Every structure is written in C-alpha cells, then in structure tokens.
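Working through the structure, step by step
Residue strings, one per chain:
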Amino acid sequence: MATLSPVMTLEQEKNPWEAQASRFDLAAKKLNLDDGIWKLLRYPTREIIVHIPVLMDNGTIEVFTGYRVQHSISRGPCKGGIRYAPDVSLDEVRALASWMTWKCAVVNIPFGGAKGGVICDPKHMSQGELERMTRRYTAELIDFIGPEKDVPAPDMNTNEQTMAWIMDTYSMHVGHTSTAVVTGKPVSLGGSRGRKEATGRGIADCCDESLKYLHMTVEGCRVIVQGFGNVGSNAANILYHRGYTVTGVTEFDGALYNEDGIDIPALIAYRQQKGTINGFSKAEPCDKDEIITRSCEILIPAATENMITSQNAHLLRCKILCEGANGPTTTVADDILEEKGIFVVPDILANAGGVTASYFEWVQDRMGYFWTEAEVNQRLDAIMIESFKDVMTYAESHKVNNRIAAYMLAIDRVAYTTRQRGMYA
C-alpha cells in the first residue's frame, strides 16, 4: 500500500493544502510527470487578497478579509465557489482551488480551478450587510473575474441570491448584463434548471455505479448522510426515490437514526418548516459524531472538510465512502480506509455533479438558449457515469486506489493540455 502521509500532528493532518499537495505529489510521481510540469501544476497561478470595508447596520465600518485563488487556466476559464465563514483561510482556499482544477478535469469539462472566500460570520450579519459586503468584494475582483476569466458559484453560506448580487455588480461595472459571469443563479436570471440538485444527483449516480462495480444491489442498501444542507439533503432525497434505505442523517446541531429507513421527503418538509431536523418524530435522535460509525453500506460525508480523520476512520463500518463534501477525508485517514478495504469514491469525482451543471449553465447563458430539467439531468448522468468508469479504469490499470486514480486521470489531462499550449516565458 502506498502511504500518503508521514507522521504528523492532528493540526497538520487537517491542513487542506497539505492534504491536497501530498495526494498531488503521489499521483504525479506515479505518472512520472516531468519536473517542470510538476512545479507548474502544484501551485496556484494567482492568489488575490482583498480587505473589504463595509458599512454595518449600526453605522460602524467593519473591514473583512477576502480571498480569490486561481489555480489553473490551462483548460479554460477558472471555475469555483465563494464561501463565507469565520474560519476561511488562504490555505483552505488554495486547496479548494486546486481540487476544482482536478475535479473539472476528472469530468472532462473545459474549466480550470478557482475558489474564493470571505472571513465573516454570516449568521450574525443582516441581509443588507451581506449584500454590501458581496458587492464590494465583487468590485475588488472586477479585473480578475468574467465569463472568459473566472466564473464564481455558490459554496458554503452563499446561495443564488449571493450570485445575483455578484452578477448585478459585475454587469454595472462592464455596462451590460452579463449572466455568464457566475453560475448557481436564480433560473429567472439565467440560472439552469436542475443546478440546485446537481451535486446530490451526481453523488447518487456514483452510488449506483459503485453498487454495480461491486456487484451489490440497491435493495437493502443502507445509507448514512453526514450533513443535510443542499448537497446532503438532495443526495438523500434522490437515493430515497431510487430505492435506497437512508437510515441516518446528521446536521451541525443533531442527528437522526431509523434502522428501517427515514422518510426523507417528510424530513425535508419538516426541516423547511422548523429550521432544524431535531424533533422529527419518525426517527430517533442520536449523537452526531457516533452515527457515522454505525453499520451501513454507504456513508456520504456531505458537510465540510476533515470529517474523517485518524481519530475516527478506524471506527467506520461502511463498505462504500462516497464523498459529497470537498476534502472530508484526511491523508492519514485514507491509509486507514485502504487497510480496512473501504471502497472510496473521492470528492473530485463524487461531488463533481455541481460543477458539471454549472458548466451547463455557463454554456446556456453564453448561447442564450436554455434546456429543460430533463435534458440537464440526462447530460449530467451521462458525464458522471462515464467519469466513474474512467476513474475505475485508471485504478485497475495503474493498480492504485480510487482517489489516486482520480488525481492521476485529472493531472494527466491538465498536463497534456499544458504541454500542447507550450510555455509563454
């Protein structure tokens, strides 16, 4: 077994940039990537730091720090979300930008990777404060984003309203409406049908393909979903309607378990009404950290990074780990999962449905013609299934685990395009 990680502290283990870099290095080594391309692809092309003054509702001025990291433009414009959170860091945004490059290459769409973030606590900000911060952040990045440059999207604590503000601010600066500057917009402003459910749908496709690959059946297949936001709830809902038994669901403030299966549509309706999953009568409350260690066929971490570490990986009792979040598993945990024989569908494949549908939205905005939801879903399913098979082929032919296979496939595609374009220096 190829060990990804040297001995490290838990803090080092949880550094997302180091996790990304160690996996990149191992994949690049197995590809015999030449040193020049290795150095070029290992680091982001551009890192932007902005300090954003915002007039708060109480009349004071607060200054927020924001980032935008652009990793690669070899295969097309940069693409990646914007997150608002108190713990956003440059290392996190760097890692996420790199993961976006590899994710786009795995599903073979013509984007490079980028990511953005602002250090703030949106739970303690009004709608007006969030709008003013978003618009100023956009204005600071005006020379670096655009339909041919860098196309942002929603991420943690941002949504289609955030994208509408960015689109409007950018449009005011360039003097015309430019819907293709962002994806994840409201459908009425050039958003794509099916975009909101796309990440969850891609996860469900990967679950289907994993069962086929491992000669397992949907009947009796128990699923536990960690995180019940947009990604987790849509994945759970789609799997429920495909015949899977979703036995467990977690959120930041609690967890639910029912060994006979949870009625996911009823839970979604309850959460929309109550604002929480707690108190749902058709499942038992349980510990949100313990539930992911319960026996199941598929575990879907769909919350944030570093949910599966050296502290809990040895306790997992799933057969398939399908990563809905970005970077949910540390490199040390990877080694433990491989020893346990758990079949991992890595994040840069499993959750690529979102960026694939974002690509569809960008295409539709640029041509001014919009597809039905059925057309979007059909195209998405075809790409996810083909990409899953591509990664499995790489894993078998190179005798590596699925994560390193996905990295190898992605790096190979980006390196090939980089060599074709040549070096401007």
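Please refer to the structure placed before this passage.
Structural notes, computed from the coordinates. For every chain, the first residue of its written sequence is number 1, and the numbers climb from 1 along that sequence. The predicted nature of this model means local features are confined to residues of pLDDT at least 70 and side-chain atom pairs, given and counted, to a pLDDT of 80 or more, with totals for whole chains, interfaces and linings taken over all residues. Hydrogens and waters are ignored; side-chain quantities use all the structure's heavy atoms.

**Looking at the nonpolar core**
Among soluble globular proteins, nonpolar side chains are generally buried collectively. Here, nonpolar core refers to any group of buried Ala, Val, Leu, Ile, Met, Phe, Trp, Tyr and Cys residues whose side-chain atoms link them within 4.5 Å. Exposure categories follow from relative accessible area, calculated using a 1.4 Å probe and restricted to protein chains: below 20% of the type maximum is buried, above 50% is exposed, and the middle band is partly exposed. Core analysis: the largest hydrophobic core is formed by 85 residues, its most contacted members being Trp102, Ile298, Ile300, Cys322, Val345 and Ile411. Comment: elements are numbered from the N terminus, with helices defined as DSSP H or I runs of at least four residues and strands as E runs of at least two. Among the elements that line this core, the one with the most residues is helix α14 (residues 402-421), at ten residues. Contact between two residues is taken to exist if any of their heavy atoms lie within 4.5 Å; hydrogens are not considered. Residues contacting cysteine 322, with those up to four places away along its chain left out, are Ile203, Cys206, Cys207, Ile298, Leu299, Ile300, Pro301, Val345 and Ala350. Counting residues in hydrophobic clusters, the runner-up holds 24 residues, among them Leu130, Met133, Ile145 and Val182.

**Examining the environment of phenylalanine 228**
Along the chain, the position of phenylalanine 228 falls in the loop between β6 (222-226) and α8 (230-241). For phenylalanine 228, a relative accessible area of 0% puts it in the buried group. Among all residues touching phenylalanine 228, those that are not within four sequence positions of it are Ser233, Ala236, Val249, Thr250, Glu251, Ile264, Leu267, Ile268, Arg271 and Ile277.

**Comments concerning the pairing of strand β7 (residues 245-251)**
Extensive coverage of β7 is indicated by the burial of six of its seven residues. A pair of strands is considered paired only if DSSP assigns at least 2 bridges between the two. Summarising the sheet, β6 and β7 pair through five bridges and their orientation is parallel. Of the residues in β7, the one forming a bridge with arginine 222 is threonine 245. Summarising the sheet, β7 and strand β8 (residues 254-257) pair through four bridges and their orientation is antiparallel. Looking at the pairing, threonine 250 lines up with alanine 255 of β8. Here β7 folds back onto β8 in antiparallel fashion, the turn holding two residues.

**A look at the side chain of lysine 115**
Note that lysine 115 resides in strand β4 (residues 112-119). One polar contact links lysine 115 to aspartate 155, side chain to side chain, over a distance of 2.9 Å. The contact partners of lysine 115, leaving out residues within four places of it in the chain, are Tyr67, Arg68, Val69, Gly80, Gly81, Val93, Leu96, Ala97, Met100, Asp155 and Asn326. Counting of polar contacts relies on pairs of N or O atoms within 3.5 Å, with two restrictions inside protein: one atom must be capable of donating a hydrogen and the other of accepting it, and residues adjacent in sequence are counted only when both atoms are side-chain atoms.

**So, the sheet that holds β4**
Taken together, the five strands give an open sheet; going across it, the order is β1-β2-β4-β3-β5, and neighbouring strands pair in mixed fashion. Every interior strand has two partners, whereas the edge strands, β1 (46-55) and β5 (150-154), have only one. Sheet twist, expressed as the mean angle between neighbouring strand axes with direction ignored, is 25°. Bridging between strand β3 (residues 78-85) and β5 involves five bridges; their strand directions are parallel. When the bridges of β5 are listed, glycine 81 appears paired with alanine 153. Every angle, taken between N-to-C directions, lies between 0 and 180 degrees, and every axis is a line fitted to C-alpha atoms, over only the stretch in contact when it is a helix. Of the strands in this sheet, β1, β2 (61-70), β3 and β4 are in contact with helix α5 (residues 127-140), which crosses β1 at around 140°.

**Some remarks on the pairing of β2**
Sheet topology places β1 next to β2; ten bridges connect them, and they run antiparallel. The residue of β2 that forms the bridge with histidine 51 is threonine 65. Between β1 and β2, which follow one another and run antiparallel, lie five residues, and glycine 59 among them has a positive phi close to 95°. Alignment of β2 against β4, held across five bridges, turns out to be antiparallel. In the sheet register, valine 69 faces β4, and the bridge partner there is lysine 115.

**Some points on the packing of helix α7 (residues 195-213) against helix α13 (residues 373-398)**
Where α7 contacts α13, the axes come no closer than 9 Å and their chain directions differ by 45°. With respect to each other, α7 and α13 are oriented oblique. Pair α7 / α13 crosses with right-handed handedness. Here Glu197, Ala198, Arg201, Gly202, Asp205, Cys206, Glu209, Ser210 and Tyr213 of α7 come into contact with α13, specifically with Glu373, Asn377, Leu380, Asp381, Met384, Ile385, Phe388, Lys389, Met392 and Glu396. Here the residues of the contact of α7 with α13 sort into eight nonpolar, three polar and eight charged. Orientation labels follow simple angle bins: below 35 degrees gives roughly parallel, above 145 gives roughly antiparallel, 65 to 115 gives roughly perpendicular, and whatever is left gives oblique. With the far helix as reference, a near helix turned anticlockwise by less than a right angle produces a left-handed crossing, and one turned clockwise produces a right-handed crossing. When residues are grouped by polarity, Ala, Val, Leu, Ile, Met, Phe, Trp, Tyr, Cys and Pro land in nonpolar, Asp, Glu, Lys and Arg in charged, and all others, Gly among them, in polar.

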